[in-house]
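Inside the fold
In case you want the letters, here they are:
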Protein chains: 2
Amino acid sequence: MEKSYVSQIADIETDFAQWYTDVVLKTKLVDYGPVKGTMVIRPYGYAIWENIQNEFNRRFAECGYENAYFPLLIPMSFMSKEAEHVEGFAPEVAVVTHGGGEKLAEPLCVRPTSETMIGTMYGKWIESWRDLPVRMNQWANVMRWEKTTRPFLRTSEFLWQEGHSAFATAEEAEAETQKMLQVYDEFARTCLAMPVLTGRKTEKEKFAGAVATYGMEAMMHDGKSLQSGTSHYMGQNFAKAFDIKFTDKDGAQKYGYTMSFGVSTRLIGAIIMTHGDNRGLVLPPVVAPVQVVIVPIAARKEGVLEACRALEARLKNAGIRVKLDDSDNSPGWKFNEWEMKGVPVRIELGPRDIEAGKMVVSRRDGYEKNEALLENAEREIKDLLNDISVSLYEKAKERMQQRTVNAESLQELLDGVNRGNFVRAGWCGCRECEDKVKEFAQATSRVMDGTNTAKKCVACGKKSQHTVFFARAY
Amino acid sequence: MEKSYVSQIADIETDFAQWYTDVVLKTKLVDYGPVKGTMVIRPYGYAIWENIQNEFNRRFAECGYENAYFPLLIPMSFMSKEAEHVEGFAPEVAVVTHGGGEKLAEPLCVRPTSETMIGTMYGKWIESWRDLPVRMNQWANVMRWEKTTRPFLRTSEFLWQEGHSAFATAEEAEAETQKMLQVYDEFARTCLAMPVLTGRKTEKEKFAGAVATYGMEAMMHDGKSLQSGTSHYMGQNFAKAFDIKFTDKDGAQKYGYTMSFGVSTRLIGAIIMTHGDNRGLVLPPVVAPVQVVIVPIAARKEGVLEACRALEARLKNAGIRVKLDDSDNSPGWKFNEWEMKGVPVRIELGPRDIEAGKMVVSRRDGYEKNEALLENAEREIKDLLNDISVSLYEKAKERMQQRTVNAESLQELLDGVNRGNFVRAGWCGCRECEDKVKEFAQATSRVMDGTNTAKKCVACGKKSQHTVFFARAY
């Protein structure tokens, strides 16, 4: 048991990809599934996902969303009802052709996303303006057959939430698209301590079947971007394909307007690659499965374990996720283990501390050790967890700001992304120039920032129409 | 809007099947999915499921279970590693043959249950006696291709939890099998107000691949039985098939012992068919999405809505799931609507009540109307919700007791099940006699009660080995 894992993690600066693989496997967040491209989310990883779910459920409920569950298998013919949608998703679906020992009359695809299924049901349920708006959210597994996969970041099957709503007017649906993007932004900041760029995606990068896609992008440790959530305005595209019609107040039959939004287990990858370091994970307190670990010092001395248990009970009672490590391992081994697992706060408690009414408190983000009075434990630890959230966020924000540069030429753009930067540049709006950037710099447009402060298109030199963030991306 | 649904529900005594369909559809618990045999769980139904999940998560955590997530698709070859298992499940699996536009090298089945997948991972993870026991639970969708389906009771896709654990010894695994059955029993009683019979299943009725299956059976309104949860002792069957081996303290390599247990969205069907009546649903308070509905009387009179909102806020604050129905519908319409939806408690609040500092409180199970002091609302309502849980349970228990009879011959057994009874009878233990009962009385063995109080086998007249509960079943 007495072995330290830390030495087995690749160096984060020299081999970030290997560091990531080492960390996710050795901390038991995840394992590879037996079918290529699948993952098993182990309890330590799944607990992060449950914390993410709880935080979102509260926020979605405040926005009027109700959870529901729709079928996994979608008839292929549904996918084809929206032309762009089927073109985008058909190449990556898994197809069920047999059930109950017989060949099916129509092949069914394992949902890659549920617009077509939910659209079909909304078409059935919505009759009158009184039925609108409809807001539902689903927590589910989805499947997209991917060639190159990495745990959490890109897997054939993943878990996600997909919110779907329908409105009587375009204005309401557009406003909802923005609103849910803001919910994601606020969640990322406060729960994941992760600053994000939000904005509209280009035509090339938008969701298949949407009128407009808005995304949030986060900068990972290596300067690459991770798309961490999207919100799509569908206009009447899906309403027309799935007959989502209602009788308006004026008695006329009208098509509704729909939107959808989703985040996935990819967020766990985002957390790891935003905050991790050479000692392993650094988990933001709000979603950390264990927020505080208590390590007894000289655990066999009389009164030590009792004092640790009493402290554990007090913190648990205060709503803090606390774990007492009373295993046989040495304190040093435990320090390494829980640092690798990214637990935000460690408390050491030994005979001298107990006698002095104190505890030794270390924070995972800064390795500071401080003494604190045991009698104030609840308050001290709560404040500390808040401080850690804020300082993790500030640190990540500073990195993103320092590593965001402007470019006025393709060469500047290439130099920027080569140094691991987000590059802000003008763009004329044409697909050819977007493709040219990709070819020249292996960078893609992430989001448009909504302004047009640049003068010229970085690729063709013509008048700029949008300021775009370009980056290499996961 | 002003239409009462109640008249549209079939009579529960004369056409129970139609009553069930009417209730689940009209209360918007569920709808039919577009693919035959699938269901859409609508928000009102899904909220019950979420309450069930929360109650189980707390109980499972206390038993040492951690949630995890395993892949949906299982290679066909895994299924075949346990001979009985593949024989039992192969006929009802849905099969993915194509992914990403290409035919797969090996067909994959959509999990009907995860023993093979989780067994494979346990085989990889478990090395030493120090790794045992392992206890994990998964909340997931599963698929079993069914010919005859009914919402919640039997659908091609359903949601469930499956707990899987591995131990060093047979004794521990057997004890866990019993323990989790008891957790189900306690949950059914306290959360669903549903009395159950628990006991071992016969060889014929056991899980494919298990050494022993234990089940819990509940009596529905029509006297038929619904299998509501099962716990399986696997012995070393799956350990040997999936190489779940560990190095024991003595240095020897040994196979582990495994068990699994599961309940599904079927429980929602059980609730409906246990407690419902001619006015619709009757939901047990612990899992009811709305525990209390407040209906304003003379809502336009000054102060009424304000008082209702204040009461709503107080009850919410006390942890009660409360809804204020401030819609434009008449009080009478609202009474019908919320009765149909099975909300346990209704509060009426009008100008005179407010002036007198009182509220009118009705309970869904008994239609009693009582006055209570507004100032005691939190305590009154909490006590009332508890009372309702208890009295729903007592009522269902009394029915089950009254409708459980003994039989000493096939004719008596047939008469019993014809009258909607559970029939307790002796059984010699042979498959032929079990089949004979089924043929003669269209009844199956539900569970053995663990005793052998009957003298003779109900079918062949030879010496009885087990006392068995026979019933018609869903």
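So, here is what we can say about the structure in this document. Predicted model, so just to flag it, every value in this text is computed and none were measured.

1. Quick word on the overall build of chain A
Summing up its helical and strand segments, chain A has 14 helices and 23 strands in all. Over its C-alpha trace chain A gives a radius of gyration of 25 Å, about what one expects of a compact globule, namely 23 Å for 474 residues. Overall, the C-alpha framework of chain A stretches about 80 × 55 × 50 Å when taken along its three principal axes. When burial is assessed residue by residue, chain A has 60% of its 474 residues classed as buried. The long-range share in chain A, meaning contacts at least 24 apart out of those at least 6 apart in sequence, stands at 68%. Per element, the accessible surface of chain A, about 19100 Å² overall, is 47% carbon and sulfur. If the 62 positive side-chain charges of chain A are averaged to one point and the 65 negative ones to another, these points end up 2 Å apart.

2. What about the sheet that holds strand S16 (residues 322–324) of chain B?
Residue and element names in this part refer to chain B. Across the sheet, which stays open at both edges, the five strands sit in the order S16-S15-S17-S18-S19 with mixed pairing between neighbours. With partners counted over all chains shown, the strands left at the sheet margins are S16 and strand S19 (369–373), one partner each. Direction aside, neighbouring strands of the sheet carry axes that sit 25 degrees apart on average. Examined bridge by bridge, strand S15 (residues 292–296) and strand S17 (residues 345–349) share five bridges and lie parallel to one another. When the sheet's bridge partners are listed, valine 293 is paired in S17 with arginine 346.

3. A few points about the relation of the copies chain B and chain A
For the pair chain B and chain A, the superposition axis carries a translation of 0.0 Å, the fit reaches an RMSD of 0.0 Å, and the rotation angle comes to 180 degrees. Viewed as a symmetry operation, the transformation between the two copies matches a two-fold axis. Within chain B, valine 96 of chain B has its C-alpha nearest the rotation axis, a separation of 2.1 Å. Both copies contact each other with a shared surface, as 100% of the interface residues of chain B are interface residues in chain A too.

4. Here's the deal with the pattern of salt bridges
Where charged atoms from two side chains of opposite charge come close, those side chains can pair. Following the criterion strictly, the structure yields 53 salt bridges over all chains and no others. As a salt-bridge pair, lysine 245 of chain B and aspartate 243 of chain B come within 3.4 Å of each other at their nearest N and O atoms. Taking the relative accessible area as the measure of exposure, lysine 245 of chain B reaches 27% and is therefore partly exposed. A single network of salt bridges, built from pairs that share partners, joins Arg279, Glu339, Arg346, Glu348 and Lys369 of chain A.

5. Quick look at the nonpolar core
Within soluble globular proteins, side chains that are nonpolar tend to cluster in buried spots. The biggest cluster of nonpolar side chains holds 155 residues, and the ones touching the most others in it are Ile52, Phe152 and Ile272 of chain A together with Ile52, Phe152 and Ile272 of chain B. If near-sequence neighbours (up to four positions away) are discounted, isoleucine 272 of chain A is found in contact with Trp19, Tyr20, Val23, Val24, Leu29, Phe152 and Leu281 of chain A.

6. Brief notes about helix H6 (residues 170–191) of chain A
Residue and element names in this part refer to chain A. Taking 1.5 Å as the rise per residue, H6 with 22 residues should run 32 Å; its terminal C-alpha atoms sit 31 Å apart, in good agreement. Considered for burial, the residues of H6 that qualify are Ala170, Ala173, Glu176, Thr177, Met180, Leu181, Val183, Tyr184, Asp185, Phe187, Ala188 and Cys191. Directly beyond the C-terminal end of H6, a positive phi value near 55 degrees is found at alanine 193.

7. Some details on the pairing of strand S22 (residues 444–448) of chain A
Along any regular strand, the residues point their side chains to alternate faces of the sheet. Residues and elements named next belong to chain A. Burial analysis of S22 places five of its five residues in the buried class, the great majority of the element. Looking at chain direction, S22 and strand S23 (residues 466–471) are connected through four bridges and run antiparallel. Pairing of serine 445 across the sheet is with phenylalanine 470, part of S23.

8. Here we look at the packing of helix H8 (residues 266–275) of chain B against helix H12 (residues 377–402) of chain B
When two helices pack together, you describe them by how their axes are tilted relative to each other and by the distance separating the axes. Residues and elements named next belong to chain B. Orientation of H8 relative to H12, taken along the N-to-C sense of each, is 80 degrees, at an axis distance of 10 Å. The angle between H8 and H12 places the two elements in the roughly perpendicular class. Mapping the contact onto sequence places Met273, Thr274 and His275 in H8 and Leu392, Ala396 and Arg399 in H12. Residue classes in the contact of H8 with H12 are distributed as three nonpolar, two polar and one charged.

9. A short note on the interface of chain B and chain A
In many reports, interface size means the accessible area that the parts give up when they come together. Counting from both sides, the interface comprises 51 residues of chain B and, opposite them, 51 residues of chain A. Roughly 4100 Å² is buried in total at the junction of chain B and chain A, and carbon and sulfur atoms are behind 65% of that figure. When the area that chain B buries against chain A is broken down by residue, the three leading residues are Pro34, Pro43 and Tyr69 of chain B, summing to 15%. Our enumeration of links across chain B and chain A arrives at two salt bridges.

10. Points about the packing of helix H9 (residues 304–317) of chain B against H12 of chain B
All names here are of chain B. Direction vectors running N to C along H9 and H12 enclose 60 degrees, while the axes themselves pass 9 Å from each other. The angle between the axes of H9 and H12 places the two elements in the oblique class. Viewed along their axes, H9 and H12 form a crossing whose handedness is right-handed. Two secondary-structure elements touch here, H9 through Leu311, Arg314 and Leu315 and H12 through Ala377, Glu378 and Ile381.

11. Looking at the side chain of threonine 444 of chain A
Residue and element names in this part refer to chain A. Following the sequence through the fold, threonine 444 ends up in strand S22. Here threonine 444 falls in the buried class, since its relative accessible area comes to 14%. A distance of 2.8 Å separates a polar atom in the side chain of threonine 444 from a polar atom in the side chain of arginine 446. Filtering out sequence-adjacent residues up to four positions away, threonine 444 remains in contact with Glu205, Lys438, Phe469, Phe470, Ala471 and Ala473.

12. Some details on the sheet that holds strand S6 (residues 102–110) of chain B
Reading across the sheet, the six strands line up as S4(A)-S6(A)-S5(A)-S5(B)-S6(B)-S4(B) and stay open at both edges, with antiparallel pairing between neighbours. Two strands in the sheet have a free side with no partner beyond their single neighbour: strand S4 (73–75) of chain A together with strand S4 (73–75) of chain B. Averaged over all pairs of adjacent strands, the angle between their axes in this sheet comes to 45 degrees, without regard to strand direction.

13. Overview of the environment of glutamate 82 of chain A
Residue and element names in this part refer to chain A. Tracing the backbone shows glutamate 82 in the loop between helix H3 (76–79) and helix H4 (83–89). Take glutamate 82: its relative accessible area is 9%, and that puts it in the buried class. It is 6.7 Å that separates the C-alpha atoms of glutamate 82 and glycine 209, two residues lying 127 residues apart in sequence. Apart from residues no more than four positions distant in its own chain, glutamate 82 is found in contact with Gly209, Asn237, Phe238 and Ala241. A distance of 3.2 Å separates the side chain of glutamate 82 from the backbone nitrogen of glutamate 84, its partner in a polar contact.

What counts, and where the lines are drawn
- Residues numbered from 1 in each chain as written.
- Chains lettered and ligands numbered in written order.
- Predicted model: local features only at pLDDT ≥ 70, side-chain atom pairs only at ≥ 80, totals over all residues.
- Heavy atoms only, no water.
- Helix = DSSP H or I, 4+ residues; strand = E, 2+ residues; numbered from the N terminus.
- Rg over C-alpha atoms; globule rule 2.2 N^0.38 Å.
- Buried < 20%, exposed > 50% of the residue type's maximum accessible area, 1.4 Å probe, protein only.
- Contact = heavy atoms within 4.5 Å.
- Areas by Shrake-Rupley, 256 points an atom, 1.4 Å probe, with all protein chains shown as cover.
- Lys, Arg positive; Asp, Glu negative; His and termini not counted.
- Charge placed at Lys NZ, Arg CZ, Asp CG, Glu CD.
- Pairing = 2+ DSSP bridges.
- Axes fitted to C-alpha atoms, helices over the stretch in contact; angles between N-to-C directions.
- Least-squares fit on C-alpha atoms with pLDDT ≥ 70 in both.
- Salt bridge = Lys/Arg side-chain N within 4 Å of Asp/Glu carboxyl O.
- Core = buried A, V, L, I, M, F, W, Y, C linked by side-chain atoms within 4.5 Å.
- Expected span 1.5 Å × (residues − 1).
- Parallel < 35°, antiparallel > 145°, perpendicular 65-115°, else oblique.
- Nonpolar A, V, L, I, M, F, W, Y, C, P; charged D, E, K, R; others polar.
- Buried area = accessible area lost by both parts, 1.4 Å probe.
- Left-handed = near helix turned anticlockwise from the far one by under 90°.
- Polar contact = N/O pair within 3.5 Å; in protein donor to acceptor, adjacent residues only side chain to side chain.

Without other data, these values stay purely geometric and don't point to any function.
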